[in-house]
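Commentary on secondary and tertiary structure
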Amino acid sequence: CSLNVVFFKRKNSKERVIYRHSDDDCGEVVVVDKGKIRFLKFGNHIKQGGIDLTNPDSVYLEYQQSMLSVFDAGSFAKCLCLGLGAGSIPKYIHQNKLCERLSVVEINPVVIDVAREYFALPTDVAVINDDALDFVRRTVMTYDLVIVDIFTKSGTPCEFKTFSFYRSLHELLRIGGVVVLNTWASDFNKLLLEETLGKIFDNVQFVKVSTNHIVFCRRFS
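The sections below set out a description of the structure shown in this document. (Residues numbered from 1 in each chain as written. Predicted model: local features only at pLDDT ≥ 70, side-chain atom pairs only at ≥ 80, totals over all residues. Heavy atoms only, no water.)

**Structural notes on the environment of R38**
What counts is decided by this rule: By the criteria applied, helices consist of DSSP H or I runs no shorter than four residues and strands consist of E runs no shorter than two, each listed in order from the N terminus. Type-normalised accessible area, obtained with a 1.4 Å probe on protein chains alone, sets the label of each residue: buried when under 20%, exposed when over 50%, and partly exposed for intermediate values. Any pair of residues with heavy atoms lying within 4.5 Å of one another is described as a contacting pair. Any pair of nitrogen or oxygen atoms within 3.5 Å is treated as a polar contact; in protein, a donor-acceptor pairing is required on top of that, and neighbouring residues in sequence qualify only through side-chain atoms on both sides.
On the secondary structure map, R38 appears in strand β3 (residues 37-41). Residue classification places R38 among the buried residues on the basis of a relative accessible area of 14%. On a C-alpha basis, the gap between R38 and L53 in space is 6.8 Å, while along the polypeptide they are 15 residues apart. For R38, the residues in contact, after removing those within four places along its chain, are I18, V31, V32, D33, G49, G50, I51, L53, Y118 and F119. Engagement of the side chain of R38 in a polar contact is seen with the backbone oxygen of Y118, the distance being 3.0 Å.

In structure tokens:
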């Protein structure tokens, strides 16, 4: 399959806040429109998700396009998405029938509601409201694909940057499975991360996309 990506000329326009929610547990969730593009933010300027309102089924952000390139070789039977954001990745997987069974985990119930109301996440994409770390530790399921896109406004939480977490992801994978990680380039030491992941997975590949490193980790045995 090929990504439905639309290229357009960016115009200077001011952002207009159309939704804002803040609480002590999960911080601030903000939705802004800038021209024909809608963005999800977590209380600062960093874009946590986006949608082209003129083509809502397209995948707008470049790093998400890169993550979805894992499907270039074909579909997967069981897929797990850790972190929802605006819901672009699970929405694309669902609409293009790229997984026979798709599970999505998101800790913040406000983000789930916002993804549905403002970013066109279909109601038949089920989202589990749970801490991704707890889910990974408890589940007895295994998957062919695990996509990890977990961020706060400060970057990836520390508990999702540990050897034990990466090892848990490896244990979730069936033989031949893939873990796809989204990381901020400034949030990780690439050589150290590559060395760490190389001790766990059979093959590790990095793709630099703007300020992100997309990492593809494969289990062969």
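Structure's up, so let's keep going.
**Here we look at unusual backbone geometry**
One non-glycine residue with positive phi stands out, namely K97, at about 50°. With respect to the secondary-structure elements, K97 resides in the loop between α2 (88-95) and β6 (99-106). Within the chain, A120 stands out as a residue other than glycine whose phi angle is a positive 65°. Note on placement: A120 falls in the loop between α3 (109-118) and β7 (127-129).

**A closer look at the side chain of S58**
Tracing the backbone through its elements, the reader meets S58 in the loop between β4 (47-52) and α1 (62-67). Its relative accessible area of 7% is what places S58 among the buried residues. In this structure the side chain of S58 is engaged in a polar contact, spanning 2.7 Å, whose partner is the backbone oxygen of N55.

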